[in-house]
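# An overview of the molecular structure
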Amino acid sequence: MSGLLRIIVQRLLLGLVTLFVVSIIIFVAVNALPGDFAREILGQGATEESVAAIQKQLGLDRDPLTRYLDWLSGAIRFDFGIPLSQAMFAGNFGSTAIVDVKTVVQQIEPRLYNTLFLAGLSAAIAIPLAVTLGVLTALYRNSAFDKIMNVSTLSAISSPEFFLAYILILFLAVLNPIFPSLSNINPDLSWGELVERSMLPALTLTLAVTAQMMRMTRAAIINLLASPYIEMARLKGLSPMRVIIKHALPNALAPIITVIALNLAFLITGVVVVETVFVYPGIGQLFVDSVKIRDIPVVQACCLLFAAVYILLNLTADILSIVSNPRLRHPK
């Protein structure tokens, strides 16, 4: 157990180092974006004096290293300051004394809940569907069913999310009005209404991730079917389905867990396009809106959150793979 604990600690430390490096990349990339918040607010008729005054008020005239260290120290405390769009109207930068001025965390929190709900709904549909289809295509490999599923999954992987979204809107909202085309959700909705209005973006994400998980499940199981213990199970007279479920699937968990974790990360970090198409009030939509007006604190916070979730899910997949396969604990 001590060896497993040491591996987990090593992975966590590596994740923290990776997140630190990513934070530097995020800060440099976001501040290198073309455009300026002060000019976006003041418009084309802005004078250099007015732009300089707003930049000084918001602290944008300080050197990049100082701003990065301030941002990093605040991020460690989960304090990302005030959005620039609201900081202009505060008495001084960082003050929240004025009524209705929300911090970056207060803006992100409800949006993050919406995104997590959408990702959870998509995962609840995609994971059982993908594993089931992966097992069936491995069981009936080279059959007509297997070929149809391979063509369908390749088509889904090759299609961008916005194209899948518009196809679903056409068939499930316009031609057959089953679900609303726009996801106008708010905290006052009941659970059923929330699921109904989130179904189209959830189905879009499901189509985007199911194909990869299904193909990995199929490949992992087929790769094990030639193993000696599988041949022994067949010689004992076990049915093909029982051989796959009881013997092949448990030993194929490591690659399956990895691809599921990667796709869960996509469900959270890759929702920007889907949320924009359906006007879903999640963190992806907030990210796009903030980029438009160059609201740097919100953009940096969203990027760091995306990176943290992606790194955390990858570490989780790595640890679960090691736990599910003892051979990975003692690499040769």
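Quick caveat, the model's predicted, so the values are computed rather than measured.

## Some words on the overall build of the protein
In terms of helices and strands, the protein carries 15 helices and 0 strands. Relative to its 332 residues, the protein shows a buried fraction of 44%. Long-range contacts, defined as pairs at least 24 residues apart, comprise 71% of the intrachain contacts of the protein with a sequence gap of at least 6. For the protein, the accessible surface area stands at approximately 17,700 Å², while carbon and sulfur atoms represent 67% of it.

## Overview of a nonpolar patch on the surface
A cluster of nonpolar side chains, contributed by Phe162, Phe163, Tyr166, Ile167, Leu170, Phe171, Val174, Leu175 and Val273, occupies part of the molecular surface with about 820 Å² of accessible area. The element contributing the most residues to the nonpolar patch is helix α8 (residues 161-174), with 7 residues. Note that Phe163 resides in helix α8.

## Here we look at the nonpolar core
Among the nonpolar cores identified, the biggest contains 53 residues, and Leu200, Met213, Ile221 and Phe278 are the most heavily contacted of them. Among the secondary structure elements, those contributing two or more residues to this core are α6 (104-139), α8, α9 (191-224), α10 (228-235), α11 (240-251), α12 (253-269), α13 (272-278) and α15 (296-324). In terms of residue count, the dominant contributor to this core is α9 (13 residues). Every residue in contact with Ile221, bar those within four places of it in the chain, is listed here: Val135, Ala138, Ile244, Ala248, Leu249 and Ala252. Listed in part, the 25 residues of the second largest apolar core include Phe27, Ala75, Ile283 and Ala307.

## Quick notes on the packing of aromatic side chains
Summed over all chains, the structure comprises 5 aromatic pairs. Both rings, one in Phe287 and one in Phe306, keep their centres 6.1 Å apart while their planes meet at 70°; by these two values the pair is edge-to-face. Here Phe287 is found in helix α14 (residues 283-292), whereas its partner Phe306 is found in helix α15, with 19 residues between them in sequence. The residues Phe287 and Phe306 share a single accessibility class, namely buried.

## Regarding α6
Here α6 contains 36 residues, and its C-alpha end-to-end distance of 50 Å stays within 8% of the 52 Å for a straight helix at 1.5 Å per residue. Its axis deflected by about 25° at Ala123, α6 carries its strongest bend there.

## Structural notes on the packing of helix α7 (residues 144-158) against α9
Here α7 crosses α9 at 135°, and the two axes come no closer than 8 Å. Between α7 and α9, the angle falls in the class oblique. The way α7 lies across α9 gives a crossing that is left-handed. Residue-level contacts link Asp146, Met149, Asn150, Thr153, Leu154, Ala156 and Ile157 of α7 to Leu207, Ala211, Gln212, Met214, Arg215 and Arg218 of α9. The class makeup of the residues in the contact of α7 with α9 is 7 nonpolar, 3 polar and 3 charged.

## Quick word on the environment of Phe266
Summarising the element assignment, Phe266 is placed in helix α12. Put simply, Phe266 and Ala208 are 58 residues apart on the chain and 9.4 Å apart in space, counted from C-alpha to C-alpha. Each residue touching Phe266, except ones within four places of it in the same chain, is listed here: Glu161, Leu205, Ala208, Val209 and Val271.

## Notes on unusual backbone geometry
Residues other than glycine seldom take positive phi values, yet Asn142 does so here, at roughly 70°. We classify Asn142 as exposed; its relative accessible area is 61%.

## Regarding the layout of surface pockets
Quantified by volume, the largest pocket comes out at close to 670 Å³. Those elements giving two or more residues to the lining of the largest pocket turn out to be α1 (2-31), α4 (64-76), α6 and α15. Top element by residues in the lining of the largest pocket is α15. It accounts for 8 residues. Residues lining the lining of the largest pocket come from more than one domain, with at least three contributed by each of domain 1 (2-92) and domain 2 (105-292).

## Comments concerning the environment of Gly120
If you trace the backbone, Gly120 turns up in helix α6. Between the alpha carbons of Gly120 and Leu264 there is a distance of 8.7 Å; along the sequence they are 144 residues apart.

## Some details on the confidence of the model for the protein
Summarising the model, the protein shows a mean pLDDT of 82, and 88% of its residues fall at 70 or more. Within the protein, α6 carries the highest mean pLDDT (90), whereas helix α2 (residues 37-42) carries the lowest (64).

## Thoughts on the pattern of salt bridges
What the rule picks out here adds up to 4 salt bridges. As a salt-bridge pair, Arg11 and Asp318 come within 2.4 Å of each other at their nearest N and O atoms. One end of the pair, Arg11, is in helix α1; the other, Asp318, is in helix α15, with 307 residues separating them in the sequence. What makes Arg11 partly exposed here is its relative accessible area of 22%. For Asp318, a relative accessible area of 28% puts it in the partly exposed group. With a closest N to O distance of 4.0 Å, Arg77 and Asp79 form a salt bridge.

Conventions and cut-offs
- Residues numbered from 1 in each chain as written.
- Predicted model: local features only at pLDDT ≥ 70, side-chain atom pairs only at ≥ 80, totals over all residues.
- Heavy atoms only, no water.
- Helix = DSSP H or I, 4+ residues; strand = E, 2+ residues; numbered from the N terminus.
- Buried < 20%, exposed > 50% of the residue type's maximum accessible area, 1.4 Å probe, protein only.
- Contact = heavy atoms within 4.5 Å.
- Areas by Shrake-Rupley, 256 points an atom, 1.4 Å probe, with all protein chains shown as cover.
- Patch = residues over 30% accessible without salt bridge, like charges linked within 9 Å, V, L, I, M, F, W, Y side chains within 5 Å.
- Salt bridge = Lys/Arg side-chain N within 4 Å of Asp/Glu carboxyl O.
- Core = buried A, V, L, I, M, F, W, Y, C linked by side-chain atoms within 4.5 Å.
- Phe/Tyr/Trp six-rings, centres within 6.5 Å; stacked < 30°, edge-to-face > 60°.
- Expected span 1.5 Å × (residues − 1).
- Bend = angle between axes of the 7 residues up to and from the residue.
- Axes fitted to C-alpha atoms, helices over the stretch in contact; angles between N-to-C directions.
- Parallel < 35°, antiparallel > 145°, perpendicular 65-115°, else oblique.
- Left-handed = near helix turned anticlockwise from the far one by under 90°.
- Nonpolar A, V, L, I, M, F, W, Y, C, P; charged D, E, K, R; others polar.
- 1 Å grid on protein atoms, 1.4 Å probe; cavity = no way out; pocket = protein on both sides within 12 Å on 5 of 7 lines; lining within 4 Å.
- Points joined across faces, edges and corners; volume = space filled by probe spheres on them.
- Domains from an automatic or database assignment.
- pLDDT = per-residue confidence, 0-100.

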